[in-house]
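So the chains spell out like this:
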Amino acid sequence: MNDKTNSLDAFWMPFTANRQFKAAPRILTEAKGMYYKADDGREILDGTAGLWCCNAGHSREQITEAVSRQIAKLDYAPPFQMGHPLPFELAERLTQHSPEGLNRVFFTNSGSESVDTALKIAIAYHRLRGQGTRQRLVGREKGYHGVGFGGISVGGLVNNRKFFGSLLNGVDHLPHTLNIKANAFTKGLPENGAELANELENIVALHDASCIAAVIVEPFAGSAGVVLPPEGYLKRLREICTKHGILLIFDEVISGYGRIGDAFAANRFGVKPDIITTAKGLTNGAIPMGAVFVSDDIYNTFMDGPEGIELFHGYTYSGHPVAAAAGLATLDIYEQEGLFSRALELESYWQEAVHSLKGEPNIIDIRNIGLVAGIEFAPSEAGVGKRGYEVFLNCFEQGCLVRATGDIIAMSPPLIIEKPQIDRLVESIAKAARAVS
Ligand SMILES: Cc1ncc(COP(=O)(O)O)c(C=O)c1O
């Protein structure tokens with residue numbers, strides 16, 4: 001038998017150009033605070049909080065210790081018809097930060113599972129209220145809601161959809177809100193485009209409200225390359241949903257846990273959905289876990305139903321003890337270090353820093369909110385996405401991790417970032433823009 005232990009062959013990497021990567025791998029071996037260490041010993045400044053998840057920075061001792069303690073004490077307990085203390089405690093603690101009235105928490109293991117859970121709860125809720133015709137779902141173009149069949153059906157990214165057949169029936173999409181022509185280089189939320197929410201009225205006119213269960217949107221789209229809601233857009237969406245009895249789901253898998261200066265984007269934007277999906281920052285990325293926040297009205301509807309199991313849904317690892325321990329320790333850090341408001345404190349510095357890139361070669365738009373930025377490059381003649389990828393590679397060579405989505409560079413650093421580190425990230429993009437032009 002060959003010794004293949006050092007081979008890169010067997011692992012089919014997710015959302016990765018496997019052949020390209022395996023020919024020139026980028027391997028991270030350690031992480032602490034704001035930095036990764038690569039296998040060549042270089043320190044890499046993390047401009048992406050891993051994948052929008054390590055909001056408190058890397059390898060935090062409080063989390064490591066809580067996880068070690070818990071795995072030694074209770075490694076696993078079945079969550080169906082049995083309980084253990086930690087998910088109860090974590091749910092109570094989390095609801096101290098969720099919007100008023102969203103006081104019930106269903107645990108999952110990922111953002112994708114949170115989304116599919118939310119969609120199922122929405123449809124089942126209407127059925128329990130005698131409105132079983134409300135089955136249609138509305139997503140949005142450019143939306144990313146993970147990779148389950150529910151998530152890709154309501155999602156609006158063509159490559160995530162086109163390979164996978166006919167998807168769920170009964171899904172419509174709102175138009176996306178990216179309008180570079182009208183809003184390029186806006187600092188914060190764009191002024192133009194709130195009326196795009198009115199498209200929901202057309203969808204209602206087409207199908208009738210009695211057929212529509214829920215609308216799901218990210219408060220701002222992250223994976224599509226940082227697409228922000230125009231001023232007033234989310235409020236308008238809320239009004240139309242309320243008017244027609246349609247549930248509004250905010251997918252806060254990346255906007256949750258402090259990313260834009262509040263525990264939830266719903267709080268920052270002052271718009272209350274009926275359901276919020278989360279994951280990622282919930283455990284600081286250390287252990288997989290997701291959480292779906294549900295309004296009291298929805299929860300009570302299930303509890304008023306027939307005796308017995310109220311929702312035929314759940315995962316072997318829902319509320320896993322080790323994940324819940326990581327979640328509690330993470331929440332301690334967020335609270336002790338004031339990290340839910342830190343993005344707001346740094347926002348104007350961040351904004352000025354990223355907008356200083358205006359005028360660098362091929363940059364056609366810069367978008368920002370909280371500690372998030374999207375820097376959009378014009379596609380090169382070599383094809384869409386090539387320039388973005390080159391900029392990403394160049395930044396990595398300079399010791400900075402940023403993320404390329406097509407020709408957009410997205411940044412979402414850990415919330416513990418310091419101003420000189422912001423400067424360094426921005427400088428690396430400026431240098432990369434010049435180098436690859
Ligand atoms: C808004 C949103 N929803 C869902 C997901 C899926 O999360 P996961 O990869 O944990 O399944 C993501 C992941 O980036 C996301 O950004």
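All values derive from a computational prediction rather than experimental measurement. (Residues numbered from 1 in each chain as written. Predicted model: local features only at pLDDT ≥ 70, side-chain atom pairs only at ≥ 80, totals over all residues.)

### Topic: the sheet that holds strand S4 (residues 104–108)
Across a sheet, paired strands are connected by hydrogen bonds in the backbone, their directions being either parallel or antiparallel.
Part 1 of the reasoning: With respect to topology, seven strands assemble into an open sheet ordered S4-S10-S9-S8-S7-S5-S6, the strand pairing being mixed. The two strands at the open ends of the sheet, each matched to only one other strand, are S4 and strand S6 (171–174). In this sheet, adjacent strand axes meet at a mean angle of 20 degrees when their direction is disregarded.
Part 2 of the reasoning: Here S4 runs beside strand S10 (residues 290–294); their pairing, made up of five bridges, is antiparallel. In the sheet register, Arg104 faces S10, and the bridge partner there is Val294. (Pairing = 2+ DSSP bridges. Helix = DSSP H or I, 4+ residues; strand = E, 2+ residues; numbered from the N terminus. Axes fitted to C-alpha atoms, helices over the stretch in contact; angles between N-to-C directions.)

### Section: the domain arrangement of the chain
Part 1 of the reasoning: What the domain assignment lists for the chain is domain 1 (18–56 + 340–436) and domain 2 (65–336).
Part 2 of the reasoning: When each unit is reduced to the centre of its C-alpha atoms, the spacing between domain 1 and domain 2 is 26 Å.
Part 3 of the reasoning: Facing 33 residues of domain 1, the contacting portion of domain 2 comprises 29 residues.
Part 4 of the reasoning: Taken together, the elements giving at least two residues each to the side of domain 1 that touches domain 2 come down to helix H2 (49–52), helix H14 (339–355), strand S11 (363–369), strand S12 (372–377) and strand S15 (408–411).
Part 5 of the reasoning: In terms of residues, the side of domain 1 that touches domain 2 owes the most to one element, H14, which gives eight residues.
Part 6 of the reasoning: Per-class residue counts for the side of domain 1 that touches domain 2 are 16 nonpolar, 11 polar and six charged. (Domains from an automatic or database assignment. Contact = placed C-beta atoms within 7 Å. Nonpolar A, V, L, I, M, F, W, Y, C, P; charged D, E, K, R; others polar.)

### Quick look at the site of the ligand
Part 1 of the reasoning: Around the ligand, the surrounding shell holds 14 residues, and the nearest of these are Ser110, Gly111, Ser112, Gly146 and Val253.
Part 2 of the reasoning: The residue makeup of the shell around the ligand, split by class, is five nonpolar, seven polar and two charged. (Near = placed C-beta within 6 Å.)

### Focus: the pairing of strand S1 (residues 28–32)
Part 1 of the reasoning: Bridge analysis of S1 against strand S2 (residues 35–38) gives four bridges, and the strand direction is antiparallel. Following the sheet pairing, Ala31 is matched in S2 by Tyr36.

### Here's the deal with the environment of His355
Part 1 of the reasoning: Its place among the elements puts His355 in helix H14.
Part 2 of the reasoning: According to the C-beta neighbour criterion, His355 is partly exposed, with 18 such atoms within 10 Å.
Part 3 of the reasoning: A sequence separation of 64 residues divides His355 from Ala291, and the C-alpha atoms of the two residues are 34 Å apart.
Part 4 of the reasoning: Setting aside anything within four residues of it in sequence, one finds His355 in contact with Phe185, Lys187 and Ile366. (Buried ≥ 20, exposed ≤ 12 C-beta atoms within 10 Å, placed from the backbone.)

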